[in-house]
Amino acid sequence: MSVTRTQAPEWSGRLDPEDGSGAIRMHQLVKPDAKRAVIGFACDAGVKRNKGRVGARDGPAALRQALANLAAPEKALSFADLGDVSVAGDALEAGQEALANTIADALARHERLVVLGGGHETAFASFRGLRKAHPDAQIGIINLDAHLDLRLPGEAGGSSGTPFAQIRDLDPAGFDYLCVGYAEEANTQALLKRAKDWGVGLVRDHDLIADPLAAHDGVAALIARNDLIYLTIDIDVLSHFQAPGVSAPAARGVPLSTIEQIIALTLEKAGDRLALADLVELCPAHDQDGVTAKTAALLARRILMR
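Residues numbered from 1 in each chain as written. Predicted model: local features only at pLDDT ≥ 70, side-chain atom pairs only at ≥ 80, totals over all residues. Heavy atoms only, no water.

**Considering helix α4 (residues 122-133)**
The end-to-end C-alpha distance of α4 is 17 Å, a good match for the 16 Å that 12 residues give at a rise of 1.5 Å each. Here α4 lies mainly inside the structure; nine of its 12 residues are buried. Every buried residue of α4 is listed here: T122, A123, F124, A125, S126, F127, R128, G129 and L130. (Helix = DSSP H or I, 4+ residues; strand = E, 2+ residues; numbered from the N terminus. Expected span 1.5 Å × (residues − 1). Buried < 20%, exposed > 50% of the residue type's maximum accessible area, 1.4 Å probe, protein only.)

**Remarks on the packing of aromatic side chains**
Within this structure, the stated rule accounts for four aromatic pairs. Pairing W11 with F79 gives two aromatic rings, centres 5.5 Å apart and planes at 80°, and the pair type is edge-to-face. Linking W11 in the loop between β1 (3-6) and β2 (36-42) with F79 in strand β3 (residues 79-87), this pair joins segments that are 68 residues apart in sequence. Centroid distance F175 to Y177: 5.7 Å. Interplanar angle 50°. Geometry classified as tilted. Both residues of the pair, F175 and Y177, count as buried. An aromatic cluster of at least three residues, connected via ring pairs, comprises F164, F175, Y177 and W198. Against the face of F124 rests R128, its NZ or CZ located 5.3 Å from the ring centre. One cation-aromatic arrangement involves R194 over W198; the distance from NZ or CZ to the ring centre is 6.0 Å. (Phe/Tyr/Trp six-rings, centres within 6.5 Å; stacked < 30°, edge-to-face > 60°. Lys NZ or Arg CZ within 6 Å of the ring centre and 35° of its normal.)

**Quick word on the environment of D149**
Tracing the backbone shows D149 in the loop between β5 (139-144) and α5 (163-170). Spatially, the C-alpha atoms of D149 and L191 are 8.3 Å apart, while their sequence positions differ by 42 residues. Here D149 is in contact with H120, S160, G161, T162, P163, F164, A165 and D234, once residues within four sequence places are set aside. (Contact = heavy atoms within 4.5 Å.)

**Quick look at the sheet that holds strand β6 (residues 177-182)**
Pairing in this open sheet of nine strands is mixed, and the strands run β1-β3-β2-β4-β9-β8-β5-β6-β7 from one edge to the other. Looking at which strands have only one partner, the edges of the open sheet turn out to be β1 and β7 (201-204). For this sheet, the mean angle separating the axes of adjacent strands, direction not counted, is 15°. Examined bridge by bridge, β5 and strand β8 (residues 228-234) share six bridges and lie parallel to one another. Within β8, the residue paired with L144 across the bridge is I233. Lying over the sheet, helix α3 (residues 92-106) contacts β1, β2, β3, β4 (112-117) and β9 (274-280), oriented at roughly 165° with respect to β3. (Pairing = 2+ DSSP bridges. Axes fitted to C-alpha atoms, helices over the stretch in contact; angles between N-to-C directions.)

Spelled out as structure tokens, the structure:
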């Protein structure tokens, strides 16, 4: 089969019994009946169609491994692992359909789901899954990304560069999208014009470097006017030294501390309305010393535990 569902791997890691009952690490929090959950999307098809560096298919496994040994926070929450939707070859559309259905089913049992990509084609499946689970909700999208990903699908179909254009096609009147951290050099004038024509909120990487709070008002306003929030994080929004192992490394990028502040603000303002998040474009084959996976794991931990 071109698309398969695989069971969750067995989580393991360091144990510190000599340090007492509070010495808990993330791998010890995995419970099948938890209210929060992760699921992997092992897929390279979207990145390959978009002419990026392949390897995102291995992202979910690397992210789990990096997450497992992180210390659990005070008042830690358990989380379930729902395994992976795996895409072989170019079966992108079938994979996205499978992931969307899996997400919709999972959101009936879990209050928050974190998807581990995969390229940014993950976002089209993530949004569709959330829409299936909540057909009447107004959904706001916050994308932390160096790229707008508003390209129109070509002859080969969608890709890691097209998800938000495809999402807009589902419901043009309800499309509410904020892209935080985009780099002007990484987006053509045609894409920037499309974003403005479609009413997309934009915050440049330059603006966030000058003022870490530059996205604060836009994020808060989007959350206030929507019923549910979908947060999607393309790891290439970070600088190349913080995230070398991505499909398209950023020469400039946004500081990690700023991205963490934006995530913290989103969690604070959205609360339980943040039903779905994903982390995408982790490419372990190009990840020196696993630093990108470790960085992504910090962000995943924050979203799962808050």
